[in-house]
Amino acid sequence: MKGAVNIQNIIDEGQKYLMSNYGRFPISFSHGEGCRVYDYNQREYIDFLGGVAVNILGYNNKKLNDAIATQSQKLIHISNYFWIDTQVKLAKLLVENSFDGKAFFCNSGAEANEGAVKLARKYAYRKYGIQKNEVIAMTGSFHGRTLATLNLTDNPKYKEGFGPHPEGFKFAKFNDIDSFKQVLTKNTCAVIFEPIQGEGGITPIDSDFIKKVSELCKQNDVLLIADEIQTGMGRTGKLFGYQHHDITPDIMTVAKGLAGGCAIGAVIAKVEVADAFQSGDHGSTFGGNPLACAAGVATLETILDDELAENAEKIGEYFKLKLQYLSQKYSVVKAVRGHGLMLGLELSIPGAAVVQKALYKGFLINCTATNVLRFIPPLIIGTSEIDLLIEILSEIFEELELAA
Ligand SMILES: *Cc1c(COP(=O)(O)O)cnc(C)c1O
């Protein structure tokens, strides 16, 4: 075929020139449209992974593409020594749709959490001196892969071989208020949580638990950090996951879907907290660049104008019912969890084989916490695509039960 792409060649050269830190499927994609992606063999896949919760508007969204194209012809990058209009616009949009605060922009989720921890420590340092510097995370958490955020991530495997590790990080048992009270001390400066744990197996936080944590934080001048990197941008049926509970965090981190696929991260903090960062205290060369922020504005405006959070709630309800039907029908399915378009199916067996089978049937899904199938599609997914997924999952579970 004329101009055909040799996938084996991509793989061979990839193995030679790229580090081996990812387990990759032997597939390479050329383009996408809506909720579908196409590989170099012109095979179509329906995408329930969405670039790991990043491609919130799906593929080839006109408004997002136009915003990127237009901005790229004006300014891709300039430095933070100057005021960047698209950065201000994105900060305003984020704050107007969350809580009264100020934003700092970076380029990824881990960087946003790293920034949140630095901000919380600086806030406490200005008020109390250096003793109040400990951060509490929850068991089952995932907050990133940098040296600091690794220590907020409850997976010893990710930390192995990377020591020595920075100090001042502790864990409370997720959804266990007594455990939290035991870990909380006068040295605690912040608590970080995910409204629904993503990598930890799609486990929602209890409303009661997080409300009590929030009260204890207020009483002890401890900052509450909501990691909205996966749950934010309408994913769970509200613009931000904390909005399902009767709380407001002091700091929130956003990344993944924020710019519809462009690399970006954000830290939003209440004004009093945000002001702990003064000129020179923190920074990022690429953070808040005109291009990523223009993409962020287009993405957030589309989510708001097209009511994609409401769609996530409504379609998520439909999706969840269908998954519950699978859990009644097949004994390999143990539980259905999550909210909106962040749903998980806990299996009694490892999920890798199911992911592999789904892939060969033309569906991108993934598995977290060994045995939880995770569904985090673009927020424009429709019922017909969900029906198709349920059909092939039924086939796969049937095959597995016959084989067992
Ligand atoms: C993905 C994720 C991160 C890390 O984001 P990166 O952009 O990969 O650094 C942190 N927290 C949560 C909840 C995530 O889902």
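Everything numeric in this text was worked out from a predicted model, so none of it was measured.

A. Structural context of the overall build of the protein. Within the protein, the secondary structure is distributed over 14 helices and 17 strands. Its C-alpha atoms give the protein a radius of gyration of 21 Å, near enough to 22 Å, the size a compact globule of 404 residues would have. Expressed as lengths along the three principal axes of its C-alpha atoms, the size of the protein is roughly 65 × 55 × 45 Å. In the protein, buried positions account for 52% of the 404 residues. Looking at the protein alone, contacts between residues at least 24 apart form 73% of all its contacts between residues at least 6 apart. Accessible area for the protein stands at about 18,800 Å²; split by element, carbon and sulfur atoms hold 52% of it. When the 40 positive and 46 negative side-chain charges of the protein are each reduced to one mean point, those points stand 3 Å apart.

B. Fine view of the side chain of Glu 385. Inspection of the secondary structure puts Glu 385 in helix α14 (residues 383-403). With relative accessibility at 9%, the residue Glu 385 sits in the buried group. Apart from the residues within four sequence positions on either side, Glu 385 is in contact with Cys 35, Arg 36, Ile 46, Phe 48 and Phe 363.

C. Region of interest: the nonpolar core. Ranked by internal contacts, the top residues of the largest apolar core, which has 83 residues, are Phe 180 and Phe 397. Among the elements that take part in this core, α14 stands out by supplying 8 residues, more than any other. When we break this core down by domain, the ones giving at least three residues each are domain 1 (7-60 + 308-403) and domain 2 (75-305). Setting aside anything within four residues of it in sequence, one finds Phe 397 in contact with Leu 326, Tyr 330, Val 332, Val 333, Leu 345, Leu 347, Val 354 and Leu 373.

D. Just the site of the ligand, in detail. In the region of the ligand, the neighbouring residues are Ser 108, Gly 109, Ala 110, Asn 113, Phe 142, His 143, Gly 144, Glu 194, Asp 227, Ile 229, Gln 230 and Lys 256. At a separation of 2.8 Å, a nitrogen atom of the ligand approaches a polar side-chain atom of Asp 227. Burial of the ligand by the protein amounts to 80% of the accessible area it has alone, namely 380 Å². Looking at the shell around the ligand, the element that brings in the most residues is helix α5 (residues 109-128), giving 3 residues.

E. Examining the environment of Tyr 158 more closely. Locating Tyr 158 in the fold gives a position in helix α7 (residues 156-159). For the pair Tyr 158 and Gln 278, spaced 120 residues apart in sequence, the C-alpha to C-alpha distance is 33 Å. When neighbours within four sequence positions are excluded, Tyr 158 is seen to be in contact with Phe 142, Arg 145, Leu 150 and Thr 153.

F. Layout of the side chain of Gln 197. Mapping Gln 197 onto the fold places it in strand β8 (residues 196-197). Among all residues touching Gln 197, those that are not within four sequence positions of it are Met 138, Thr 139, Gly 140, Ser 141, Phe 174, Ile 202, Thr 203 and Met 342.

Parameters at a glance
- Residues numbered from 1 in each chain as written.
- Predicted model: local features only at pLDDT ≥ 70, side-chain atom pairs only at ≥ 80, totals over all residues.
- Heavy atoms only, no water.
- Helix = DSSP H or I, 4+ residues; strand = E, 2+ residues; numbered from the N terminus.
- Rg over C-alpha atoms; globule rule 2.2 N^0.38 Å.
- Buried < 20%, exposed > 50% of the residue type's maximum accessible area, 1.4 Å probe, protein only.
- Contact = heavy atoms within 4.5 Å.
- Areas by Shrake-Rupley, 256 points an atom, 1.4 Å probe, with all protein chains shown as cover.
- Lys, Arg positive; Asp, Glu negative; His and termini not counted.
- Charge placed at Lys NZ, Arg CZ, Asp CG, Glu CD.
- Core = buried A, V, L, I, M, F, W, Y, C linked by side-chain atoms within 4.5 Å.
- Domains from an automatic or database assignment.
- Near = heavy atom within 4 Å.
- Polar contact = N/O pair within 3.5 Å; in protein donor to acceptor, adjacent residues only side chain to side chain.

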